[in-house]
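Here's the letter readout for the chains.
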Amino acid sequence: MNTQDEVAPAVRAILDAAGTREGGDRRLSVDARSLPDAFAAAEADGRVPVIAEVKPTSPTTEGTRADDPVDLARAMVDGGAAALSVLTEPSHFGGSPEALERVRAAVDVPVLRKDFLLREEHLDVVEADAVLLIARFLDDLPRMVAAARDRGFQPLVEVHDAAEVRRAVDAGAEIVGVNNRDLAELEVDLSTFETVAPEVPDDATLIAESGITTRADARRMRTAGADGLLIGSAIMDTEGAAGDVAANTRRFTTAGTEDAT
Ligand SMILES: O=C(O)c1ccccc1NCC(=O)[C@H](O)[C@H](O)COP(=O)(O)O
């Protein structure tokens, strides 16, 4: 299954760049912090489990947030984030493996490596607790899931429809992320999660990804079954509370309580 051709031009460019990037020169072995345990710990003290994303820029964002990734990460943890996601894609998201390395050394929550990993050796670039594997772009998904696990990473398999859920489950995924952003059009529609979530087995850890911008959105995704929420742009927002990343994060981690915002 290869649907790489049916993607937005920006995603095509990201994939082309990813295809030329080299992998690591030695096989990594990671002692990972558990993402499901971090979600459980957040739930236990009344926080909505949020993976807050260090996302300096993106093809759908204006400008670049140039703050030190470690400062951003610490602010996110102060805001109650259960886990962090760090972009390592350099050309379109302003990320780097070094940023992830520094963030992971500075915090004690699990850190997800967010990138477009296409080949096994791409896993060996930097240690992380979890790695994103995008079902749509991986013809041999079972092999990448196994390769990630062999190194100690927790694979988070990203899907966008029911067919991809089946591929993820067949590949042995235990953590599944439903992306509300359609990589063919780059449009975001939160009803994607509501449609696809029932297809995901109950024993999987289920994450709603992308497009969560308000507390009401967060509650909507939780009501639809999300164990955790992956939130980037709304937390990195320079407008929100004057760019206060801790406050932006707290807005979502405290969204379990009803209010109008
Ligand atoms: O965010 C983009 O513009 C984007 C464009 C093309 C491919 C992927 C893209 N985003 C990757 C992500 O998965 C998001 O960073 C992540 O889910 C957070 O989404 P959001 O909260 O909407 O920033």
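Residues numbered from 1 in each chain as written. Predicted model: local features only at pLDDT ≥ 70, side-chain atom pairs only at ≥ 80, totals over all residues. Heavy atoms only, no water.

Convention followed: UniProt positions are given in the numbering used here, feature names are shortened, and annotations may be inferred rather than shown by experiment.
The name an unreviewed UniProt entry gives the protein chain is Indole-3-glycerol phosphate synthase, with Candidatus Halobonum tyrrellensis G22 as the organism. Quoted straight from UniProt, the Catalytic activity (unreviewed entry) entry for the protein chain says "1-(2-carboxyphenylamino)-1-deoxy-D-ribulose 5-phosphate + H(+) = (1S,2R)-1-C-(indol-3-yl)glycerol 3-phosphate + CO2 + H2O". In its Pathway (unreviewed entry) section, the UniProt entry covering the protein chain states "Amino-acid biosynthesis; L-tryptophan biosynthesis; L-tryptophan from chorismate: step 4/5."

1. Thoughts on the packing of aromatic side chains
Quick note on the threshold: Aromatic pairs are defined between Phe, Tyr and Trp rings, using the six-membered ring for Trp, whenever the two ring centres lie within 6.5 Å; interplanar angles under 30 degrees are classed as stacked, those over 60 as edge-to-face, and all others as tilted. Numbering of helices and strands runs from the N terminus, with a helix taken as a DSSP run of H or I at least four residues long and a strand as a DSSP run of E at least two residues long. Burial classification: accessible surface area is computed with a 1.4 Å probe over protein chains only, and a residue below 20% of its type maximum counts as buried, one above 50% as exposed, and the rest as partly exposed.
Throughout the structure, instances matching the rule amount to 2 aromatic pairs. Both rings, one in Phe-116 and one in Phe-137, keep their centres 6.4 Å apart while their planes meet at 40 degrees; by these two values the pair is tilted. With Phe-116 in the loop between β3 (111-114) and β4 (130-134) and Phe-137 in the loop between β4 and α5 (141-150), this pair connects stretches of sequence that are 21 residues apart. The exposure class assigned to Phe-137 is buried, which follows from its relative accessible area of 4%. In this structure an aromatic cluster arises from ring pairing among Phe-93, Phe-116 and Phe-137.

2. Considering the environment of Thr-223
With respect to the helices, strands and loops of the structure, Thr-223 is situated in helix α8 (residues 215-223). The class for Thr-223 is exposed, based on a relative accessible area of 72%. Put simply, Thr-223 and Ala-17 are 206 residues apart on the chain and 37 Å apart in space, counted from C-alpha to C-alpha.

3. Looking at the site of the ligand
We apply this condition: When we say a residue is near a molecule or strand, we mean one of its heavy atoms is within 4 Å of it. Residues adjacent in sequence count toward polar contacts only when both atoms are side-chain atoms; beyond that, a polar contact is any pair of N or O atoms within 3.5 Å, and within protein one must be able to donate a hydrogen and the other to accept it. Surface accessibility follows the Shrake-Rupley procedure with a 1.4 Å probe radius. Residue values consider only the protein chains on display as shielding.
Taken together, the neighbourhood of the ligand is formed by 20 residues, with Glu-53, Lys-55, Thr-60, Lys-114 and Ser-233 sitting nearest. Gly-211 has a polar backbone atom sitting 2.9 Å from an oxygen atom of the ligand. For the ligand, whose accessible area on its own is 500 Å², the fraction buried by protein is 97%. Those elements giving two or more residues to the shell around the ligand turn out to be α1 (9-20) and β10 (228-231).

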